[in-house]
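Inside the fold
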Amino acid sequence: MTVRQKKILILSDSYGFSNSGSRLLLDLEKAFHGEGVICDFLNPDNNQESNGRQIRFKKKQSLLLRGFSEIFLSIRFCKEIIFRDGELYHGVVSYSPSIFLVFPALIAKLKYKIPYYLILRDIVPQWLLQAGLINKGPSYFALSMVASLNYRVANFIGVQSETDLTFLKTTVTDYEKIHVLRNWRFLPKFVKASLLKNHKAAAPSLKIIYAGNVGAAQNMGHIFSQLLDMNDYATVSVDVYGFGWELEKIIQGLAGHRYADLIVFHEPIEEIELLPKLTEFDYGLVALNDRLTTGNIPSKIITYLMGELSILGIANNGSELQKLITSNNIGAFFETTELQNICKKKLLLKLLVANPEQRRNKISDCLQEEFCPTRAAKIIIGNLLSVGSLKK
C-alpha cells in the first residue's frame, strides 16, 4: 500500500458469485479502487473473484439455522479482527441483510479508531414482519434491539430508496447521517445479440421474463397466475429463471392452470449468460408483495436495464418501484389490485401498444443516473473522509 492509498475493510455475509449482493460488492470494490481506495473483504465465501484481499469463511445455508448461522458468522468475524496484527484500516463498511455484523463492525471501529459506514440492503426486522416471515413476538423485538444498536454504532447509513430514508428518519435521531445509495452495477463486457425482436407472431403477443429470487417478498405465484389469465385476450408467455424456497410450490400450483403451457421454468443462470437472452423478450418482470412498505430496489431491475429491456413493475401504488419506472419512463407499472379486476384487457393493450425500442435512451440514462457504482463509492468515501480517518 502506497502512502497515498487508503484501505477499507468490507464486512458482508453475501456468498456465492451468482449472488446479487456479491456482484454489487465486486462492483463497489472496483469503484473504490478507481477512487484510490483498496479493500479487504471479510465474507463467508470461497468462490468470489476480487482484486481485493479476502478473508473467507463458509456460511451455513439452511433456512432453519439462518439466524444461528449469522450469529456464529459474526463471532468468527470478531475473532478474526481481534487477533489480526499488522493491519491499518481507514474505514469499515458493512453490507448485508444480516444485522449481526454490527458486532465485528464495532470491534473494527474501536480497534482501528475508524468510522463505520452501514449499507442497508433491507430494513430488518420490519421487512421480515411485512413479508410474513416472522410475527411481532420475542424474535421481532430481539432483532429490533440489534438493529437499533447497528444504527447507533454506524457513523453513516446508506439506504436503497427515499422510502427507506423516510422510514429511518423516524428511528434514527441523527438522520443527517443517512444517504440514499440505491443499488449499483457496472455494465459487464458481453457481446449483445441482435437487438431486432423477431419473435413477434401475427397475433398480438407478449414475452415476459422473470429472473431472480422467488420468495415471500415477491408473491410470484399469484402474479404468474394473473399474467397467464391475460391469454384470454392475447398470447402472453412467461419465462422464469428463478430460485428460492417457494419455487417448487409455485410450479406445482400453476401446473393445473389452463394456460400452464405458456409459462416455462428454467434453471437459474449466471448474469453474463442471461443478458443476451433478454433481447428475446418485451418486458422484464419485477413484482413486490403489496404488504411491503419498506422500499428496496431489487437488483434484477439493473440486470434488465443492462440488457436494454423495459420493466414491467407490479407493486403498491406510491411504491419506490412505481416512482422509479414512471419518473424515468423505463417501462410500465400496474398496481397489484389492477391485475385482479376487469381492467386486464385494458392493461394488456397498454403493454402491447408500447414501443420498448423508444425507451432505449431512457434506460441508458437511468442506469447512469440511478445505479452508478462510482456515485455510491464517492458518497461513502466522502462521508468517511468527513470524519477525518481517510485523511491521515
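Every value quoted in this text rests on a predicted model; they were computed, and no experiment measured them.

**Section: helix α5 (residues 138-153)**
Its 16 residues give α5 an end-to-end C-alpha distance of 23 Å, which sits within 8% of 22 Å, the value for a rise of 1.5 Å per residue. Looking at α5, one finds that the buried residues are Tyr140, Leu143, Ser144, Val146, Ala147, Asn150, Tyr151 and Val153. Packing partners of the buried residues in α5 comprise α3 (102-112), β5 (116-120), α4 (126-130), β6 (156-159) and α6 (162-169).

**As for the pattern of salt bridges**
This model, assessed by the stated rule, comprises 11 salt bridges. In this structure, Arg182 and Glu370 form a salt bridge, with 2.6 Å as the shortest nitrogen-oxygen distance. Separated by 188 residues along the polypeptide, Arg182 in the loop between β7 (178-180) and β8 (205-213) and Glu370 in helix α13 (residues 360-370) bring together distant segments of the chain. On the accessibility criterion, Glu370 (16% relative accessible area) is buried. For the salt bridge of Arg258 with Asp232, the shortest nitrogen-to-oxygen distance reads 3.0 Å. Residue Arg258 is found in the loop between α8 (247-254) and β10 (263-266), and its partner Asp232 is found in the loop between α7 (220-229) and β9 (235-243); the two are separated by 26 residues along the sequence. Since its relative accessible area comes to 42%, Asp232 is described here as partly exposed.

**Quick look at the nonpolar core**
Within the largest apolar cluster, 53 residues are counted, with the highest numbers of intra-cluster contacts made by Met220, Phe224, Leu285, Ile301, Tyr304, Leu305 and Phe371. Ignoring any residue separated from it by four or fewer positions in sequence, one finds Ile301 in contact with Val286, Ile311, Leu321, Leu324 and Phe371. Formed by 38 residues, the second largest nonpolar core is a distinct cluster that contains Leu42, Tyr89, Ala105 and Ile123.

About the thresholds
- Residues numbered from 1 in each chain as written.
- Predicted model: local features only at pLDDT ≥ 70, side-chain atom pairs only at ≥ 80, totals over all residues.
- Heavy atoms only, no water.
- Helix = DSSP H or I, 4+ residues; strand = E, 2+ residues; numbered from the N terminus.
- Expected span 1.5 Å × (residues − 1).
- Buried < 20%, exposed > 50% of the residue type's maximum accessible area, 1.4 Å probe, protein only.
- Contact = heavy atoms within 4.5 Å.
- Salt bridge = Lys/Arg side-chain N within 4 Å of Asp/Glu carboxyl O.
- Core = buried A, V, L, I, M, F, W, Y, C linked by side-chain atoms within 4.5 Å.

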